[in-house]
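# Remarks on the overall topology
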Amino acid sequence: MRVFRYPAPPPSSITPHRAWLSRRDLLAAGAAAGLTGLVMPPRAAGAADLAARPGALSNAGLKPTPLRDVTHYNNFYEFGLEKTDPADRSADFQPRPWTIRVDGMVAKPRTYDIDALLARPLEERIYRMRCVEAWSMVIPWIGFALRDLLAEVEPLGSAKYVAFESVVRPSQMPGQGGVLPVLDWPYVEALRLDEALHPLTILAVGLYGQTLPNQNGAPVRLVVPWKYGFKGIKSVVRIRLTDRMPRTSWNVRAPDEYGFYANVNPAVDHPRWSQASERPIGTGGFFGASRQPTLPFNGYGAQVAGLYAGMDLRRDF
Amino acid sequence: MASRRVRSAGLVRLALYGIGLVPAAVSFVQGATDRLGADPVNVFERTLGLWALRFLILSLCIAPLRDLAGINLLRYRRALGLLAFWYALFHLTAYVALDLGFDLRTLLADVTRRPFIILGMAAFTILAALAATSNGWAIRRLGRRWQALHRWVYAAAICAAIHFVLSFKVIRVETLLYGLVVAALLAFRVWRTAARRGRRRPASAAGRDGGREFPRDDAGEA
């Protein structure tokens, strides 16, 4: 497989590992001072410390959204429709034991155990996260490039897309058994093969120095920073390579609102709201921060715009 | 006797405004002091919009309560309608000021292009017109036309309910319930009108008064 080489940021812009760790000391100190509930929420059940080296493609200069907001404000409809539901209703979810099946148009289909994934060399990737609902965060993910995993299963020349499938466990995921049908379960997502092979695309197994909390898609999820957040499928159990464009959950639900590509694009509005700007989360109250402009490809245009050369991104939104 | 009743009704009305504005005040203080969650502007906007819809629905409950249950709360309907208007105004202000940060280009694009926003603006515009003509002077001045004007509240309720349903990515039990309540309240009006028409013909033949049991209250029919 061809190896992509991307310009590495100057070493000065990378947070030294020790500094990164000392941030956590600061948080711990705050906790010791009796601010536990305010500064650092109790670690999610089962979440453990997770070491990672700073990734070269990480946006080290961005200030991460507070951990409390990252873990207590997100969409994960398997647990409910409210943004507080994932944190409130995911305590019973069992992220272990866990395996991911990788098959389809590959030479060497494999089943990965989560422990084997956690034992891989892991990187911290601080990425912008832009939700299709026009809010955004900066999240310090921990994970590895999806391309490394795909290289091991050896995609066939005929493979054009990578399809992902989420877990179905109505007994542990109360949102999967709601009164009204929300989405068809399992949640499914997909990328074009070249998007999946892009070095920015990662499988995340942790965030903020710990294993992935249940509410954020434990134990393993997809992160594609230049696309809207709903492309980042959570609690993945299967990855399948195929030659036909796979169905994706939100696109099936409302094709005029959620495209297959779902690249962050300030020029293409959602039918019900503008995508030109976004509300950064966790900036404190009404007057903490105002809207900020949304960047094409969420600020990753220099790295990924080439994937879409010649395409009409208004049509293929 | 009568004056005491009038005075107590006035006090109840005053209390209604006072209590009615509590959710807005509480939500504002929470938001200003960062106790409204991770996305305080969005929560504040939604809270205000939802209370606007709730007061609108309450104002529409007055007539069926009187006709079906014999409970006459007509003297409080204007207060409920005005609360709906004030909440709609706060909701719109929060959207323009806090959410959009007075970004008038985005506002213009929203208002001209998006049915979701257009429905909300239509509901607000109607409520504003009704609020502006809710005083005694306007009622006397507009005469019969006042009633016709204030029937537009049904259109406002339809727009507001659809606006609410569209404000989420998927259909929710909650939005569905609000929609059903609005639909039921409108269905009651249709049924009442049909019933009156049906009654009026045989009634006039018999030389009786028309179907209007509450002629004095008709000025406030809405």
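Remember, it's a predicted structure, so these values are computed and weren't measured experimentally. (Residues numbered from 1 in each chain as written. Chains lettered and ligands numbered in written order. Predicted model: local features only at pLDDT ≥ 70, side-chain atom pairs only at ≥ 80, totals over all residues. Heavy atoms only, no water.)

### Considerations on the interface of chain B and chain A
Spelled out, the test is: By the convention used here, residues are in contact when the closest approach between their heavy atoms is within 4.5 Å. Buried area is understood as the total, over both parts, of accessible area removed when two parts are fitted together, assessed with a 1.4 Å probe. Salt bridges are defined by distance alone: a side-chain nitrogen of Lys or Arg within 4 Å of a carboxyl oxygen of Asp or Glu. The term polar contact refers here to a pair of N or O atoms within 3.5 Å; inside protein, the definition further demands a hydrogen-donor-capable atom paired with an acceptor-capable atom, and it admits residues adjacent in sequence only when both atoms are side-chain atoms.
Chain B puts 30 residues into the contact, and the matching count from chain A is 29 residues. Summing both partners gives a buried area of about 2500 Å² for chain B against chain A, and 58% of it is carried by carbon and sulfur. In this structure, the connection of chain B to chain A is made through seven salt bridges. Seen at the junction of chain B and chain A, the total is twelve residue pairs in polar contact (both at pLDDT 80 or more).

### What about unusual backbone geometry?
All names here are of chain A. The condition that has to hold: Note on conventions: DSSP H or I runs of at least 4 residues are helices, E runs of at least 2 residues are strands, and numbering of each starts at the N terminus.
Note that the residue after Arg 96, namely Pro 97, is joined by a cis bond; omega there is -10°. Examined against the element boundaries, Pro 97 turns out to sit in the loop between helix 3 (85-89) and strand 2 (99-104). A cis amide bond links Trp 185 with the next residue in sequence, Pro 186, at an omega value of 0°. By the secondary structure assignment, Pro 186 is in the loop between strand 6 (161-166) and strand 7 (188-192). Phi is positive for Ala 262, close to 50°, though the residue is something other than glycine. As for its placement among the helices and strands, Ala 262 is situated in the loop between helix 7 (249-253) and strand 12 (277-280). Here the phi dihedral of Phe 297 falls at roughly 50°; this positive angle occurs in a residue that is not glycine. Secondary-structure assignment places Phe 297 in the loop between strand 13 (292-293) and helix 8 (301-304).

### Focus: the packing of helix 3 (residues 40-69) of chain B against helix 4 (residues 77-99) of chain B
All names here are of chain B. What counts is decided by this rule: As a rule, the C-alpha atoms of each element are fitted with a line to give its axis, helices using only the stretch in contact, and angles between N-to-C directions run from 0 to 180 degrees. Note that the term roughly parallel is reserved for angles under 35 degrees, roughly antiparallel for angles over 145, roughly perpendicular for angles of 65 to 115, and oblique for everything else. Crossing handedness is defined as follows: a turn of the near helix away from the far one that is anticlockwise and smaller than a right angle gives a left-handed crossing, while the clockwise case is right-handed. Any residue that is not Ala, Val, Leu, Ile, Met, Phe, Trp, Tyr, Cys, Pro, Asp, Glu, Lys or Arg is counted as polar, Gly included; the first ten are nonpolar and the last four charged.
Axis separation between helix 3 and helix 4 bottoms out at 8 Å; the angle between their running directions is 160°. When the interaxial angle is binned, helix 3 and helix 4 end up roughly antiparallel. Regarding helix 3 and helix 4, the two cross each other, and that crossing is left-handed. Among the residues making up the contact of helix 3 with helix 4, the classes are represented as 19 nonpolar, four polar and three charged.

### Examining the UniProt feature "transmembrane region" (unreviewed entry) in chain B
Residue and element names in this part refer to chain B. Which entries qualify depends on this criterion: UniProt positions are given in the numbering used here, feature names are shortened, and annotations may be inferred rather than shown by experiment.
When the UniProt feature table is mapped onto this chain numbering, "transmembrane region" (unreviewed entry) sits at residues 48-68, 80-98, 118-139, 151-169 and 175-191. Helix makes up 74% of residues 151-169 and strand 0%. Its end C-alpha atoms lie 31 Å apart. Span residues 175-191 is 100% helix and 0% strand, its end C-alpha atoms 24 Å apart.

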